[in-house]
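If you want the building blocks of each chain, they are given just below.
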Amino acid sequence: SAQVSSAVAFDDKETAREVFDAVSSDTDLSAAALWLSDGRLLHALGTPGAIAQNAKGGVARRQVFNLPDRILAVSPVQSREGPKGTLALEFSKDELTATRAELERASLLAGGIALVFGSAFALLIAQSFARRLRAISSVAEKVAAGDGGACRTGWCAAMGNALIASCSSGFLQL
């Protein structure tokens, strides 16, 4: 609002136009309006909506309204020379909505990929545990059946007799 205070002070449409032209390159800015304290429109860019029009009588403080399709910001303008006015800026939410939708799609894709890889790794780990448990169970059954030599060959020998004995007693307690 400081940039347009001199336009309000001197009822200067050219200064207001120059300021509005400078911000008109913002693609999200859909409308801007500057009213004098008597409600007269000094300059407008685009067509301010009905809610923005309600501010032309003046506002006491800066306010931001989050509307369904746009964001409206209104601010009082106080010139050093005394005159007052009101500045209203309306910003479109189209780009925000598109960006949000794109982020949601990317998040869903990343989540899906993480779920697939996580499930694949979980399956590999589960298969590895199952293979080891089957080997331990097989040796435990042989030991329980009285085959004392079951722990001298194959997988059991590599793991050591103490481990198999420990596993065998664990299975027997179950």
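Throughout this description, residue numbers start from 1 for each chain and increase along the sequence as written. Local features in a predicted model are, by the rule used here, given only for residues with pLDDT of at least 70; side-chain atom pairs are given and counted only at 80 or more, and totals for whole chains, interfaces and linings are based on all residues. With hydrogens and water set aside, each side-chain value is computed from the structure's full complement of heavy atoms.

Chemist: Could you clarify how one ought to interpret the overall build of the protein in this entry?
Modeler: Looking only at helices and strands, one finds six helices and five strands in the protein. Relative accessibility thresholds used throughout: buried, under 20% of the residue-type maximum; exposed, over 50%; partly exposed, between the two (1.4 Å probe, protein chains only). Split into buried and exposed, the 174 residues of the protein put 26% on the buried side. Each accessible area value is a Shrake-Rupley result obtained with a 1.4 Å probe; residue values ignore everything except the protein chains displayed when judging cover. Here the protein displays about 11400 Å² of accessible surface, and carbon together with sulfur accounts for 59% of that area. Secondary structure elements follow DSSP: runs of H or I of four or more residues count as helices, runs of E of two or more count as strands, with numbering from the N terminus.

Chemist: Can you walk me through the sheet that holds strand β3 (residues 63-66) in this structure?
Modeler: Strand pairing in a sheet relies on backbone hydrogen bonds. The paired strands run either parallel or antiparallel. The strand order across the open sheet built from five strands is β2-β1-β5-β4-β3, with neighbouring strands paired in antiparallel fashion. Looking at the sheet topology across the chains shown, the edges are occupied by β2 (41-45) and β3. Averaged over all pairs of adjacent strands, the angle between their axes in this sheet comes to 10 degrees, without regard to strand direction. Two strands pair under a simple rule: DSSP has to find at least two bridges between them. Bridge count for strand β4 (residues 70-78) against strand β5 (residues 84-92) is nine bridges, and the pairing is antiparallel. Paired with S75 across the bridge in β5 is L87. Any pair of residues with heavy atoms lying within 4.5 Å of one another is described as a contacting pair. Only the contacting stretch of a helix is used when fitting its axis, a line to C-alpha atoms as for every element, and angles between N-to-C directions run 0 to 180 degrees. Sitting on the sheet, helix α2 (residues 13-23) is in contact with β1 (29-36), β2 and β5, with an inclination near 20 degrees to β2.

Chemist: I tried to follow the pattern of salt bridges on my own but got confused; where do I start?
Modeler: Side-chain pairs of opposite charge can arise where the charged atoms are in close proximity. Any carboxyl oxygen of Asp or Glu that lies within 4 Å of a side-chain nitrogen of Lys or Arg is treated as forming a salt bridge with it. Tallied over the entire structure, the rule returns six salt bridges. Its salt-bridge partner being R70, residue D69 comes within 2.8 Å of it at the nearest N-O pair.

Chemist: Could you clarify how one ought to interpret the environment of V59 in this entry?
Modeler: By the secondary structure assignment, V59 is in the loop between α3 (50-53) and β3. The sequence separation of V59 and S75 amounts to 16 residues, and the corresponding C-alpha distance is 6.7 Å. For V59, the contacting residues outside a window of four places in its chain are V74, S75, P76 and T86.

Chemist: What's the story with the pairing of β4 in this structure? I'm lost.
Modeler: As a general feature of sheets, a regular strand has side chains that alternate between the two faces. As defined by bridge partners, β3 adjoins β4 across four bridges and the pair is classed as antiparallel. Its bridge partner being in β4, V64 is matched across the sheet by A73. As consecutive antiparallel partners, β4 and β5 are separated by five residues, and within that stretch G82 has a phi angle of approximately 125 degrees, a positive value.

Chemist: What is the right way to look at α2 in this model?
Modeler: For an α-helix the count is 3.6 residues per turn, leaving residues at separations of three or four pointing the same way. T15, A16 and F20 are the residues of α2 that are buried. For α2, the angular spread of the buried residues around the axis is 130 degrees, confining them to a single face. Here, the arc refers to the directions that run from the helix axis to the C-beta atoms.

Chemist: Any chance you could explain helix α4 (residues 94-144) here in plain terms?
Modeler: Expected span of a helix: the number of residues minus one, times 1.5 Å. Along its 51 residues, α4 runs 73 Å from first to last C-alpha, staying within 8% of the 75 Å computed at 1.5 Å per residue. Burial in α4 covers these residues: S128, I136, V139 and A140. G146, located one to two residues past α4, shows a positive phi value of around 100 degrees.

Chemist: I tried to follow the pairing of β2 on my own but got confused; where do I start?
Modeler: Summarising the sheet, β1 and β2 pair through four bridges and their orientation is antiparallel. Pairing of W35 across the sheet is with L41, part of β2. Between β1 and β2, which pair antiparallel in sequence order, lie four residues; one of them, G39, sits at a positive phi of approximately 90 degrees.

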